[in-house]
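The residues making up each chain are set out below.
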Amino acid sequence: MNKYKAANLFQNFFIHAFLLTVTFSCLFPLFWMVRCSLMTNSTILVDKALIPGTIVWHNYVIAWTKGNFGIYFLNSMIYTVSVVFGIVVISSLAAYAFSRLQFPGKNIIFSLFVAAMMIPLPGSFVPLYVMMSKLGLVNNRAGYILCMINVGLSLSILLLKTFFDKMPSDLEDAARIDGCTKLGIWRHVALPLARPALAVIVIYNSLNVWNEYILATLLLSDKAKMPLQRGLEVFRGAHQVDYPVLMAGLTLTALPIIVIYLLMQKHIVKGLSSGAVVG
Amino acid sequence: MSTVIKNKSSVFEIKGNFENFLFVLPALVIFSFFYIYPFFELINLSLREWNGVDPFRPLVWFRNFQDLAYDEVWWKSIWHAGYITLIALTFQNVLAFALALACDREIRMKRFYRVVFFIPPVLSEMVVGYIWNWILDPNMQNGQYVGVVNYFLVKMGLLNLVHNWLSDPNTVLTTIAVIHSWKGFGWGFIMLLAGLQTIDKQLYEAAKVDGAGSWSTFVNVTIPMMMPVILVVVILTILGSMQAFVLIISLVSQGLAGYTEVPVTQILTSMNGNKQFGYACAQAVVFGLILVVSSFALKKFSDRMKQA
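Residues numbered from 1 in each chain as written. Chains lettered and ligands numbered in written order. Predicted model: local features only at pLDDT ≥ 70, side-chain atom pairs only at ≥ 80, totals over all residues.

K.L.:
What am I meant to see in the overall build of chain A here?
P.N.:
Scanning chain A from N- to C-terminus turns up 13 helices and zero strands. In terms of overall size, chain A is more extended than a compact globule, its C-alpha atoms giving a radius of gyration of 24 Å where 279 residues would be expected to give roughly 19 Å. Overall, chain A is about 75 × 70 × 35 Å in size when its C-alpha atoms are taken along their principal axes. The burial tally for chain A puts 42% of its 279 residues in the buried class. (Helix = DSSP H or I, 4+ residues; strand = E, 2+ residues; numbered from the N terminus. Rg over C-alpha atoms; globule rule 2.2 N^0.38 Å. Buried ≥ 20, exposed ≤ 12 C-beta atoms within 10 Å, placed from the backbone.)

Structure follows, in structure tokens:
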């Protein structure tokens, strides 16, 4: 018994050593980013102490004002909130209809959305850019928002439809008998019940929009409309790289998404697991 | 009398159907504009020669594809992406599987590990690229390295490992692939862990009773049970790694021409740099076909495996 216990302890020691090494590799780059954002241009090159001798905060002020990160940050917020709101409304309406309501062509339309999810379309940004410039939607916030709504639409509809399919319809039937309209049932019965699935959709699409780069690059060339990912590139390209300020900008870009992730990580895990089952 | 009622009900039905259809209309409109139309426009443009401004877009049929067949840089870029994908499939997925197996046991801090391993995947490729570019900085100041990786390698006496990771043609692609794996292994980890947790524990008990060792249990129980999840992870890894490019742009920016091109950066160059929109679309079509065919082939292969 004792021998068995010792072997187990030994094994656990190695497993933890392995897991902790990977943990360190995940966290150290982020720690280093924050640490370097608190240094000056001269100390950053020579001081290698884990906690630097002198800590300064002004890089964040410089990044926010002179580096335009304040504007970029605000833009990222606007895009993320409007796209996610749009996706939630549009995809839940569609998913509800696909799951509960009857109309001709339903199956064909639904399979279109599924096919879009299955077929990778790399380089679709070329015709998309051409179309947007024809429509005069380049450098236009609404244009970018609509593009991004489309990016998240198929997966959200599929996830929500699967959820609605499994949901018992008793409450909706009761609401219908009470004279509730279809739209009222969607808004007051189906949506509140679908909250777990909506949480997954909100977190996924938030990550996606906040981190999006290529369409933002092609469609938004006006600094006042750029989101953070594009702003980072502009900042790095324009100056002789001011590393402490760049690190402050990176921290400003990464921090909100990490906080949201830590707050909602349960939903992410759940979404991924169900995604694996769906796929 | 009865016909009147019938007509009335069908009128109601049509009205109801139309009302129901309105629910999917917003999604359908956006989808048609931003997915279906670009899909056909992509194919249409791939058969034309166009500089992006000229109102006239002459039809050249398959000439773009012919040119593409002899475009060495293009095929090299496919090879680069393939190399990154190969490392992601082996290194990244084996790591993810090993971590998932470790976290599937009764072990302390399980939840902590699970939370940490998914932090790199939530970061943007831009952020990851810039952080690692800085960590791997090859410059020296006052006789010591600026980049923290080379600095610690010197401190630990591993002088022969000190390296200009991102500017040496021999190491740049592998370095990119490893950082790509660093960013991506959390996805596989979470999915594989979820898969492992659905395996009925009684199967392990039964294997134990039959006298199977831990290795033979792994090969004969865990792997077959995990096949569907592994397949999903493999396909997602291929699709994600083949199309990775923001990480590369942010890691090496313009540097190292000839060693870091991947298909998507080539499409971007054809479009924005050379103003050959038709050619860019031909590249996109060929690349899309490669992706579709390889994921379908994998699916077929695994179906065959299942039957055998």
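From this point, the narrative continues.
K.L.:
Please clarify how the interface of chain B and chain A should be interpreted in this entry.
P.N.:
Interfaces are often sized by the amount of accessible area the parts lose when they come together. With 68 residues of chain B at the contact, the number on the chain A side is 70 residues. The element best represented in the side of chain B that touches chain A is helix H1 (residues 2-46) of chain B, accounting for 19 residues. Partitioned by chemical class, the residues of the side of chain B that touches chain A number 56 nonpolar, nine polar and three charged. (Contact = placed C-beta atoms within 7 Å. Nonpolar A, V, L, I, M, F, W, Y, C, P; charged D, E, K, R; others polar.)

K.L.:
I'm lost on the domain arrangement of chain A in this one. Help?
P.N.:
For chain A, the assigned domains are domain 1 (2-36) and domain 2 (69-278). On a C-alpha basis, the centres of domain 1 of chain A and domain 2 of chain A stand 35 Å from each other. (Domains from an automatic or database assignment.)

K.L.:
Whenever I open this one, unusual backbone geometry confuses me. Can you help?
P.N.:
For residues besides glycine, phi is generally negative; the peptide bonds are generally trans as well. With phi around 65°, Asn-68 of chain A is a residue other than glycine that occupies positive phi space. Tracing the backbone shows Asn-68 of chain A in the loop between helix H3 (58-64) and helix H4 (69-100). Residue class for Asn-68 of chain A comes out partly exposed when judged on the 19 C-beta atoms lying within 10 Å of it. Residues other than glycine seldom take positive phi values, yet Met-109 of chain B does so here, at roughly 60°. When you line up the elements, Met-109 of chain B lands in the loop between helix H3 (72-103) and helix H4 (110-117).

K.L.:
Quick question: what am I supposed to make of the environment of Ser-77 of chain B here?
P.N.:
Residues and elements named next belong to chain B. With respect to the element layout, Ser-77 can be found in helix H3. In this structure, the C-alpha to C-alpha distance between Ser-77 and Met-109, residues 32 residues apart in sequence, is 42 Å. Apart from the residues within four sequence positions on either side, Ser-77 is in contact with Glu-261, Val-262, Pro-263 and Gln-266.

K.L.:
Just checking my understanding: could you explain the nonpolar core for this structure?
P.N.:
In globular proteins that are soluble, nonpolar side chains generally tend to be buried together. Core analysis: the biggest nonpolar cluster contains 152 residues, and Ala-94 and Val-126 of chain A have the highest contact counts within it. Taken domain by domain, this core gets at least three of its residues from each of domain 1 (2-36) and domain 2 (69-278) of chain A. If near-sequence neighbours (up to four positions away) are discounted, Ala-94 of chain A is found in contact with Ile-157 of chain A together with Phe-23, Val-24 and Ala-27 of chain B. (Core = buried A, V, L, I, M, F, W, Y, C linked by C-beta atoms within 7 Å.)

K.L.:
Sorry, what's going on with the confidence of the model for chain B here?
P.N.:
Do not read the predicted coordinates in detail wherever pLDDT is low. A residue-level look at chain B finds 95% of positions with pLDDT of 70 or above and a mean pLDDT of 89. Taken over the whole predicted complex, pTM reads 0.91, whereas the ipTM for its chain interfaces reads 0.91. (pLDDT = per-residue confidence, 0-100.)

K.L.:
How should I be thinking about the packing of helix H7 (residues 141-166) of chain A against helix H10 (residues 195-210) of chain A in this particular structure?
P.N.:
Angle between the axes and distance between the axes are the two parameters that describe a pair of packed helices. Residues and elements named next belong to chain A. In contact at an axis separation of 10 Å, H7 and H10 are set at 160° when each is read in the N-to-C sense. The pairing of H7 with H10 is recorded here as roughly antiparallel in orientation. Between H7 and H10 lies a crossing whose hand is right-handed. Each of Met-148, Val-151, Gly-152, Ser-156, Leu-159, Leu-160 and Phe-163 in H7 lies in contact with H10, whose residues at this interface are Ala-197, Val-200, Ile-201, Asn-205, Asn-208 and Val-209. For the contact of H7 with H10, the per-class residue count stands at nine nonpolar, four polar and no charged. (Axes fitted to C-alpha atoms, helices over the stretch in contact; angles between N-to-C directions. Parallel < 35°, antiparallel > 145°, perpendicular 65-115°, else oblique. Left-handed = near helix turned anticlockwise from the far one by under 90°.)

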